[in-house]
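# Residue-level structural notes
Take a look at the letters that make up each chain.
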Amino acid sequence: MNNIKNNINVLKEKIQHLLKNKTELKKVKIVAASKNQSVEKIQIALLSGIYNFGENYVQEGIDKIKKLKKNNQIIWHFIGKIQSRKTKLVAQNFDWCQTIDREKIAILLNKYRTSKKPPINVLIQVNISEEPNKNGVSIKNYQQLAIIVSKMTNLKFRGIMALPKQTQGKIQYRDYQDVKNIFNVLKNQYESVDTLSLGTSFDIKTAITYNSNMIRIGKSIFHN
Ligand SMILES: *Cc1c(COP(=O)(O)O)cnc(C)c1O
């Protein structure tokens with residue numbers, strides 16, 4: 001499992017290198033996408049200085065959250081497709097939900113987040129490549145959803161998440177520019193907005209070029 005520590009060091013160096021040429025971006029948060037990864041591997045990543053973990057499946061995520069309860073410095077993100085019947089569990093167990101894509105989800109998350117906990121941090125997922133049957137709110141409707149999300153007292157509206165499509169492995173730069181523009185618009189509209197969650201193992205460089213400040217990394221952290 002030494003590879004995880006090494007992978008993380010390589011990743012951090014890569015990010016530092018990419019940030020050297022940027023003036024408007026100073027930090028990029030790494031969220032380890034830990035779906036299908038064991039608790040032991042998560043602990044190694046934690047010891048290597050990763051504190052944010054993203055889970056795609058509610059029950060798998062909650063099992064890990066329970067097992068790692070003692071590590072209270074971990075910040076848990078839900079990054080999977082969210083079903084309305086699972087929103088209660090997400091609201092009760094996670095620190096972030098990155099995949100709000102419709103009003104109903106926002107209402108239920110707000111309803112089930114206990115006021116004993118701080119508001120859950122939320123991102124609106126935008127279907128940036130306008131792919132049919134893909135997760136995320138359409139570009140036409142993100143403003144409407146932002147109004148609703150920003151009004152909910154148990155939600156803290158932090159920004160947007162996107163997963164641009166790659167066509168035959170090729171990066172579609174237009175989509176990244178669109179994400180960047182939407183983020184800037186929202187940042188100017190809402191004081192709480194500070195997070196652009198964009199970039200996975202294959203497009204780290206492009207994401208940071210377009211001002212992503214939160215990348216969700218699975219393969220590049222956990223590969224052998
Ligand atoms: C799995 C996953 C990632 C990480 O992708 P890698 O290619 O493994 O880095 C990022 N975001 C979401 C939503 C994911 O499901």
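Refer to the preceding data block for the structure.
Residues numbered from 1 in each chain as written. Predicted model: local features only at pLDDT ≥ 70, side-chain atom pairs only at ≥ 80, totals over all residues. Heavy atoms only, no water.

### Considerations on the site of the ligand
Within the structure, the ligand sits among Ala33, Lys35, Asn56, Ile79, Thr200, Ser201, Arg216, Ile217, Gly218 and Lys219. A distance of 2.8 Å separates an oxygen atom of the ligand from a polar atom in the side chain of Lys35. In this structure, an oxygen atom belonging to the ligand sits 2.8 Å away from a main-chain N or O atom of Gly218. (Near = heavy atom within 4 Å. Polar contact = N/O pair within 3.5 Å; in protein donor to acceptor, adjacent residues only side chain to side chain.)

### Describing unusual backbone geometry
Backbone geometry places Asn36, a non-glycine residue, at a positive phi of 65 degrees. Mapped onto the elements, Asn36 comes out in the loop between strand 1 (29-33) and helix 2 (39-47). For Asn36, a relative accessible area of 60% gives the class exposed. Backbone geometry places Asn211, a non-glycine residue, at a positive phi of 70 degrees. Relative to the assigned elements, Asn211 resides in the loop between helix 8 (204-209) and strand 10 (214-217). (Helix = DSSP H or I, 4+ residues; strand = E, 2+ residues; numbered from the N terminus. Buried < 20%, exposed > 50% of the residue type's maximum accessible area, 1.4 Å probe, protein only.)

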